Amino acid sequence: MKCFLLAAGFGKRMQELTQKTPKPLLQLGGFPLLEYSIHFAYRLGIREFIINTHYLGKQIKEYVKSFRNLKFHISHEEEILGTGGGIRTGIEGIIAKDETFLLLNPDILFLPNPRFSLKMPQDSSIHLFLQEKQSDNPNTALYLQENKVSFSTPSSKNSTYFYIGLSTIHAKIIFETIKYNERFELPILLRDLGKKHSLTGSVFAGDVFDVGTKSEFLTLEDKKIFPGMIANDEDWQDLQRKR
């Protein structure tokens, strides 16, 4: 399996922190946010990555060159294509129509527990990983019933969830829905699949931390667990030494 990393945004919610540095390269505990995403996928057995870039994209391209034992494809967008358009254009010629790939948002840090699995239901086009939504959470409310995800509640008794920026996608649905170099937002496709009952989901087994805003990022700076995930991983450190 390959991994697609969304890195084409401007990082405006980080305010002055991203004036000279793209958000994925902001350092948390001595490591760029992007490295946490790469490390997370690496621990799942992934060795090949696609990254879409736009704002200060050259910095990201230069950064990933240092990973000598991992393969990276950079899809630079001269104009922002949106999440869906960026994915469709980025996977051209790299991911086959019959492949499944992992989609990751570097704005999110994941601490999976041993029960976490990327297993995807056979009847799914896109599988979303979710967490239960609290009342003060501004993310779009989603509903989960027998592994099916919908945007409208089937029952007032159902709990609400939100998408955590981690999913597995059958490339076929991307190729059949979105045109190459077309501006397209992924939520449009997700809503359509939800209506057709081919959008599935499961609750993420582990902890999730959003670092999408300046305040969230600064709050997590003091948490030693994040740099420890990388610094204490001997296998990862061996890979580092081989750069």
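Definitions and cut-offs
Residues numbered from 1 in each chain as written. Predicted model: local features only at pLDDT ≥ 70, side-chain atom pairs only at ≥ 80, totals over all residues. Heavy atoms only, no water. Helix = DSSP H or I, 4+ residues; strand = E, 2+ residues; numbered from the N terminus. Buried < 20%, exposed > 50% of the residue type's maximum accessible area, 1.4 Å probe, protein only. Contact = heavy atoms within 4.5 Å. Arc of directions from axis to C-beta. Phe/Tyr/Trp six-rings, centres within 6.5 Å; stacked < 30°, edge-to-face > 60°. Lys NZ or Arg CZ within 6 Å of the ring centre and 35° of its normal. 1 Å grid on protein atoms, 1.4 Å probe; cavity = no way out; pocket = protein on both sides within 12 Å on 5 of 7 lines; lining within 4 Å. Points joined across faces, edges and corners; volume = space filled by probe spheres on them. Nonpolar A, V, L, I, M, F, W, Y, C, P; charged D, E, K, R; others polar.

**Overview of the side chain of S75**
Here's step 1: Tracing the backbone through its elements, the reader meets S75 in strand β5 (residues 71–76).
Here's step 2: In this structure S75 comes out as buried when scored by relative accessible area, which is 11%.
Here's step 3: Ignoring any residue separated from it by four or fewer positions in sequence, one finds S75 in contact with I51, N52, T53, T89 and G90.

**Points about helix α2 (residues 57–64)**
Here's step 1: Residues G57, I60, Y63 and V64 constitute the buried set of α2. One side of α2 holds all its buried residues, which, seen down the axis, span an arc of 120°.
Here's step 2: Turning to α2, the residues buried within the fold contact β1 (2–7), β3 (31–32), α1 (33–43), β4 (48–53) and β5.

**Overview of the packing of aromatic side chains**
Here's step 1: By the definition in use, this model includes twelve aromatic pairs.
Here's step 2: Seen from their ring centres, F116 and F204 are 5.0 Å apart, and the 55° between their planes marks the pair as tilted. Here F116 is found in the loop between β7 (108–112) and β8 (126–132), whereas its partner F204 is found in the loop between β12 (199–203) and β13 (206–210), with 88 residues between them in sequence. An identical accessibility class is assigned to F116 and F204; each is buried.
Here's step 3: Connected via pairs of aromatic rings, a cluster forms that spans Y42, F49, Y63, F67, F72 and W236.
Here's step 4: A cation sits over an aromatic face here: K12 above F10, 5.5 Å from the ring centre.

**Examining empty space enclosed by the protein**
Here's step 1: Considering all chains together, one arrives at one cavity of 30 Å³ or more under this definition.
Here's step 2: Lining of the largest cavity is provided by Y36, S37, F40, I108, L109, F110 and M229.
Here's step 3: Looking at side-chain class alone, the lining of the largest cavity contains six nonpolar, one polar and no charged residues.

**A look at unusual backbone geometry**
Here's step 1: Positive phi is not limited to glycine here, since Q15 has a value of about 55°.
Here's step 2: Secondary-structure assignment places Q15 in the loop between β1 and β2 (27–28).
Here's step 3: Positive phi, close to 65°, is recorded for H197, a residue that is not glycine.
Here's step 4: In this fold, H197 is placed in the loop between α5 (186–195) and β12.

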